[in-house]
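# Summary of the model geometry
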2 protein chains.
Amino acid sequence: FAVVEGEPDAPQQLFAAEISEHPFGPVSFTGRRWPLADVRLLAPILPTKVVCVGKNYADHAREMGGAPPADPVIFLKPSTAVVGPHAAIRLPADSSRVDYEGELAAVIGRPCKDVPAERAAAAILGYTIANDVTARDQQQADGQWTRAKGHDTFCPLGPWIETTLDPTDLALRTELDGEVRQDARTSLLLHDVPKLVEFVSRVMTLLPGDVILTGTPAGVGPMQPGQTVSITVEGIGTLTNPVEAK
Amino acid sequence: FAVVEGEPDAPQQLFAAEISEHPFGPVSFTGRRWPLADVRLLAPILPTKVVCVGKNYADHAREMGGAPPADPVIFLKPSTAVVGPHAAIRLPADSSRVDYEGELAAVIGRPCKDVPAERAAAAILGYTIANDVTARDQQQADGQWTRAKGHDTFCPLGPWIETTLDPTDLALRTELDGEVRQDARTSLLLHDVPKLVEFVSRVMTLLPGDVILTGTPAGVGPMQPGQTVSITVEGIGTLTNPVEAK
């Protein structure tokens with residue numbers, strides 16, 4: 001693990017400062033430090049679980065042909081789906097349509113259960129960006145979404161965890177080969193981050209490093225081999241992944 | 001970890017022999033050994049993922065009001081739901097009906113992906129028993145089954161992993177307070193264990209300790225606080241858990 005130091009708008013002056021253990025709790029530095037440009041970033045965390053929320057933007061619920069549910073609808077992606085920035089999203093041979101879904105993701109900072117919304121902030125280490133990659137044809141065929149969203153490489157996370165950020169009104173933009181496909185703000189989340197932490201933690205104990213994907217806005221669409229998908233969330237950065245056939 | 005030694009039909013003469021590391025690959029013994037009756041068994045494995053299969057017995061698909069799907073329908077339970085034998089299943093306050101679902105479970109023995117059915121046996125460490133506990137009302141309300149099946153304590157596993165067992169035709173019996181509620185044979189699985197390993201590993205990399213729950217037969221029904229549920233699979237043993245209010 002490392003802390004990224006510097007200003008995001010001066011990417012050539014960013015550094016990765018190695019920390020001695022893990023990022024949960026006070027960190028101490030080893031003293032080793034590299035220019036970020038010389039470092040290959042992996043996924044910023046290996047979660048024990050990735051909890052996702054369906055239809056959490058009204059415009060996306062509409063484009064999927066349904067009304068948004070009153071309560072959050074949750075599902076899980078397996079940890080084996082997680083990859084980092086610039087790792088390839090591999091399209092499985094048995095799907096004819098694989099979509100990007102750009103999302104804000106909250107990373108849990110401490111073991112917790114039954115967290116009321118007003119105390120959710122204390123349970124969160126920070127925020128990162130996620131691509132909830134989905135084999136749309138398998139999602140429709142199965143009813144349950146696990147296969148469609150659970151393939152290896154179907155959960156890009158990164159590029160890092162921003163630990164000082166107010167998530168309530170951030171611009172979220174997804175580009176496919178540089179063309180804007182999703183353009184929304186997190187203020188449009190039907191269930192905001194504190195509500196999601198309350199809802200999910202009422203069901204299951206959350207552990208440090210667990211990730212909650214908050215849902216995707218309208219504009220989802222398919223990716224082809226050779227394309228590149230980039231998701232930018234204001235105040236965090238950009239998560240970029242190339243797309244390849246399996 | 002320990003190896004259970006002795007004959008299952010003479011429970012007073014069973015011993016737990018401690019092994020030095022993990023049960024994947026050749027094991028070496030520490031020499032420490034206790035009567036099994038003096039040992040408290042935890043879940044036999046802490047899986048990175050629990051992959052479950054819906055409607056994999058025709059009679060259960062019928063009792064749920066649907067036809068069995070042509071392909072397996074998979075879903076995930078979070079690892080935080082796992083508990084061992086004799087640990088309490090805690091009924092959440094926000095569900096009015098929580099059901100037992102007795103199942104045969106396969107435990108993966110090595111990292112694997114794209115395993116053909118005919119090589120599945122080599123990927124499996126052994127077999128244990130699972131209770132795919134389900135908040136039936138939440139399952140019906142959500143569509144996605146993650147909340148209904150993901151509450152803490154909703155995945156009892158155990159009592160141990162049987163590593164020399166042919167899973168193709170085993171009696172499976174679930175008793176609630178000693179009354180038989182499910183009574184089936186694994187020969188009735190619509191998709192057998194090798195087929196499930198092939199199907200799941202085509203989607204996601206399986207890791208040592210991951211568990212595949214093979215589905216439940218007809219006879220599911222609700223549990224009340226104070227009751228005890230026991231699932232027996234021929235050749236493995238009995239998984240018993242008390243039921244408590246949260």
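### Section: unusual backbone geometry
Outside of glycine, negative phi angles account for most residues, and trans bonds account for most peptide bonds. Residues and elements named next belong to chain A. Here the residue pair G158 and P159 is connected by a cis peptide bond, since its omega of 5 degrees sits within 30 degrees of zero. Within the element layout of this structure, P159 appears in strand 12 (residues 155-162). In this structure, K55 takes a positive phi of about 50 degrees despite not being glycine. Relative to the helices and strands, K55 resides in the loop between strand 4 (50-54) and helix 1 (58-63). Residue classification places K55 among the partly exposed residues on the basis of a relative accessible area of 27%.

### Notes on the interface of chain A and chain B
Listed per partner, the contact involves 29 residues of chain A and 29 residues of chain B. When the buried area of chain A at its contact with chain B is split by residue, Q144, R147 and V203 of chain A rank highest and sum to 24% of it. The interface formed by chain A and chain B includes four salt bridges. Salt-bridge contacts for D114 of chain A lead to K246 of chain B; the nearest nitrogen and oxygen are separated by 3.3 Å. The interface formed by chain A and chain B holds 14 residue pairs in polar contact (both at pLDDT 80 or more) in total. Within the residue set of the side of chain A that touches chain B, elements represented by two or more residues are strand 5 (73-77), helix 3 (146-150) and helix 4 (193-203) of chain A.

### A few points about the relation of the copies chain A and chain B
Once chain A has been moved 0.0 Å along the axis and rotated by 180 degrees, it coincides with chain B to within an RMSD of 0.0 Å. Both copies are brought into coincidence by an operation consistent with a two-fold rotation axis. Residue Q144 of chain A of chain A places its C-alpha closer to the rotation axis than any other residue of that unit, at 2.9 Å.

### Regarding the side chain of T205 of chain B
The residue T205 of chain B is located in the loop between helix 4 (193-203) and strand 15 (211-213) in this model. There is a polar contact of 2.4 Å between the side chain of T205 of chain B and the side chain of D152 of chain A. When neighbours within four sequence positions are excluded, T205 of chain B is seen to be in contact with T80 and D152 of chain A together with K49, C112, K113 and D210 of chain B.

### Describing empty space enclosed by the protein
Within this structure, the stated rule accounts for one cavity of 30 Å³ or more. Taken as a whole, the largest cavity spans an internal volume of roughly 80 Å³. Along its surface, the largest cavity is lined by 14 residues, and T48, K49 and K77 of chain A together with T48 and K49 of chain B are the ones closest to its centre. Residue assignment for the lining of the largest cavity shows that the elements contributing at least two residues are strand 5 of chain A together with strand 5 (73-77) of chain B. The residue inventory of the lining of the largest cavity, partitioned by class, reads six nonpolar, four polar and four charged.

### What to know about the environment of R185 of chain B
All names here are of chain B. Structurally, R185 is set in strand 14 (residues 179-185). Overall, the relative accessible area of 33% leaves R185 in the partly exposed class. Along the backbone, R185 and L170 are 15 residues apart, and their C-alpha atoms lie at a distance of 5.3 Å. Setting aside residues up to four positions removed in sequence, R185 forms contacts with Y57, D169, L170, A171 and E234. Among the polar contacts listed, one links the side chain of R185 to the side chain of D169, at a separation of 2.7 Å.

### Things to note about the sheet that holds strand 8 (residues 98-100) of chain A
Residue and element names in this part refer to chain A. Taken together, three strands build an open sheet; the order of strands is 11-8-16 and the sheet is antiparallel. Each of the sheet's edge strands pairs with one partner strand only, and the pair in question is strand 11 (134-135) and strand 16 (221-222). Of the pairings in the sheet, the one linking strand 8 to strand 11 comprises two bridges and is antiparallel in character. Looking at strand 11, one finds that D99 is bridged to T134.

### Topic: the pattern of salt bridges
Under the counting rule described, the total for this entry stands at 36 salt bridges over all chains. Across the pair K49 of chain A and D210 of chain A runs a salt bridge whose closest N-O atoms are separated by 2.9 Å. Separated by 161 residues along the polypeptide, K49 of chain A in the loop between strand 3 (29-35) and strand 4 and D210 of chain A in the loop between helix 4 and strand 15 (211-213) bring together distant segments of the chain. Just as K49 of chain A is buried, D210 of chain A falls in that class too. The partner of E101 of chain B in a salt bridge is K149 of chain B, and the shortest N-O contact between them spans 3.4 Å.

### A word on the sheet that holds strand 5 of chain B
Residues and elements named next belong to chain B. Read from one edge to the other, the open sheet built from seven strands follows the order 5-4-15-9-10-12-6, with strand pairing classed as mixed. Strand pairing shows two members of the sheet lacking a second neighbour, strand 5 and strand 6 (82-83), which therefore form its edges. For strand 4 (residues 50-54) and strand 5, the ladder comprises five bridges, and the chain directions are antiparallel. Following the sheet pairing, G54 is matched in strand 5 by V73.

### Observations concerning helix 4 of chain A
Within the sequence span of helix 4 of chain A, burial applies to V193, L196, V197, F199, V200, S201 and V203 of chain A. The inward-facing, buried residues of helix 4 of chain A contact strand 4, strand 5, strand 9 (102-108), strand 10 (124-131) and strand 15 of chain A together with helix 3 (146-150) of chain B. At the N-terminal end of helix 4 of chain A, a side-chain oxygen is found 3.1 Å from the backbone nitrogen of K195 of chain A, two or three residues along, and the residue is D192 of chain A.

### Some thoughts on the confidence of the model for chain A
Residue-level pLDDT values for chain A average 96, and 100% of them are 70 or greater. What the predictor reports for the complex is a pTM of 0.96 with an ipTM of 0.95.

### Considerations on the packing of aromatic side chains
Residues and elements named next belong to chain A. Inspection of every chain in the model, using the stated rule, returns two aromatic pairs over all chains. When the centroid spacing of 5.2 Å and the interplanar angle of 75 degrees are considered together, the rings of F75 and W145 count as edge-to-face. Linking F75 in strand 5 with W145 in the loop between helix 2 (136-142) and helix 3, this pair joins segments that are 70 residues apart in sequence. Considered together, F75 and W145 belong to a single accessibility category, that of buried residues. R33 extends its terminal NZ or CZ atom over the ring of F15, reaching a point 4.3 Å from the ring centre.

Reading guide: rules and limits
Residues numbered from 1 in each chain as written. Chains lettered and ligands numbered in written order. Predicted model: local features only at pLDDT ≥ 70, side-chain atom pairs only at ≥ 80, totals over all residues. Heavy atoms only, no water. Helix = DSSP H or I, 4+ residues; strand = E, 2+ residues; numbered from the N terminus. Buried < 20%, exposed > 50% of the residue type's maximum accessible area, 1.4 Å probe, protein only. Contact = heavy atoms within 4.5 Å. Buried area = accessible area lost by both parts, 1.4 Å probe. Salt bridge = Lys/Arg side-chain N within 4 Å of Asp/Glu carboxyl O. Polar contact = N/O pair within 3.5 Å; in protein donor to acceptor, adjacent residues only side chain to side chain. Least-squares fit on C-alpha atoms with pLDDT ≥ 70 in both. 1 Å grid on protein atoms, 1.4 Å probe; cavity = no way out; pocket = protein on both sides within 12 Å on 5 of 7 lines; lining within 4 Å. Points joined across faces, edges and corners; volume = space filled by probe spheres on them. Nonpolar A, V, L, I, M, F, W, Y, C, P; charged D, E, K, R; others polar. Pairing = 2+ DSSP bridges. pLDDT = per-residue confidence, 0-100. Phe/Tyr/Trp six-rings, centres within 6.5 Å; stacked < 30°, edge-to-face > 60°. Lys NZ or Arg CZ within 6 Å of the ring centre and 35° of its normal.

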